[in-house]
Amino acid sequence: MFSLFTTNEANAALPDVIKKFEYALSKKNEVSKLEQQLQMSLSTTNSFKEFITLKQKLNSAVTKFYEAVEILENTGVSVKSIEQGLLDFPSKRFDEEVWLCWKYGETEIKFWHEKDSGFMGRKPIEVNDESLV
């Protein structure tokens with residue numbers, strides 16, 4: 001699903017987006033944990049059964065992680081980094097396509113940046129910034 005967000009629309013969607021982001025983050029953490037277990041099993045066991053079982057669990061966890069990211073992105077946001085907690089909402093400022101930028105821990109959308117500048121180019125949204133869609 002694609003749509004441009006106003007600041008108000010992005011803020012209205014944020015509680016649901018945060019919930020879905022946290023779910024995707026938990027799935028990412030499960031993948032990381034299983035990857036570590038798999039690495040340890042390679043060096044500590046000679047059991048094919050344990051290795052194959054862990055590998056199958058990892059495969060399933062990776063699938064669930066990507067499904068969670070897909071559910072999250074179906075809200076209309078673009079995932080920039082699960083690890084850093086960065087999501088962008090597509091928007092427009094005057095005639096220019098821009099991103100409304102959110103970082104995990106923030107309770108509202110307060111920043112935007114140009115398409116190619118990324119997180120380091122974040123600019124604060126003015127209180128009455130009518131230029132954003």
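The structure this text deals with has already been given above.
Being a predicted model, the structure only gives us computed values, none of them experimental.

Thresholds applied
- Residues numbered from 1 in each chain as written.
- Predicted model: local features only at pLDDT ≥ 70, side-chain atom pairs only at ≥ 80, totals over all residues.
- Heavy atoms only, no water.
- Pairing = 2+ DSSP bridges.
- Helix = DSSP H or I, 4+ residues; strand = E, 2+ residues; numbered from the N terminus.
- Expected span 1.5 Å × (residues − 1).
- Buried < 20%, exposed > 50% of the residue type's maximum accessible area, 1.4 Å probe, protein only.

J.: Account for the sheet that holds strand 1 (residues 78-81), naming residues and giving values.
T.: Spatially, the 5 strands line up as an open sheet ordered 1-2-3-4-5, and their pairing is antiparallel. Every other strand in the sheet has two partners, leaving strand 1 and strand 5 (123-124) as the edge strands with one partner each. As paired elements, strand 4 (residues 111-114) and strand 5 share 2 bridges and run antiparallel to each other. Bridging from a neighbouring strand, Trp112 pairs with Lys123 of strand 5.

J.: Describe helix 2 (residues 48-73), and please don't skip the residues or the numbers.
T.: In an α-helix, one turn spans 3.6 residues, which is why side chains three or four residues apart end up on the same side. Between its terminal C-alpha atoms helix 2 stretches 37 Å, which fits the 38 Å expected from 26 residues at 1.5 Å a residue. What helix 2 keeps buried is the set Leu54, Leu58, Ala61, Phe65, Ala68, Val69 and Leu72.

J.: Break down the pairing of strand 2 (residues 86-93) for me, with residues and values.
T.: With 6 of 8 residues buried, strand 2 lies mostly within the body of the structure. Note that strand 1 and strand 2 share 3 bridges and pair antiparallel. Paired with Val79 across the strands is Leu87, a residue of strand 2. Hairpin remark: strand 1 followed by strand 2, antiparallel, with 4 residues in the connecting loop; positive phi at Gly85, about 70 degrees. In this structure, strand 2 lies alongside strand 3 (residues 96-103), joined through 8 bridges in antiparallel fashion. Residue pairing for strand 3: Leu86 is matched across the bridge by Lys103. Counted between consecutive antiparallel strands, the loop separating strand 2 from strand 3 contains 2 residues, among which Phe94 sits at a positive phi close to 55 degrees.

J.: Explain the pairing of strand 4 residue by residue, including any values.
T.: For a regular strand, the rule is simple: side chains alternate between the two faces of the sheet. Pairing of strand 3 with strand 4, which is carried by 4 bridges, proceeds in the antiparallel orientation. For Leu100, the partnering residue across the bridge sits in strand 4 and is Trp112.

J.: So what about unusual backbone geometry? Which residues, and what values?
T.: The backbone of Phe94 sits at a positive phi, close to 55 degrees, despite the residue not being glycine. Note on placement: Phe94 falls in the loop between strand 2 and strand 3. With a relative accessible area of 59%, Phe94 lands in the exposed category.

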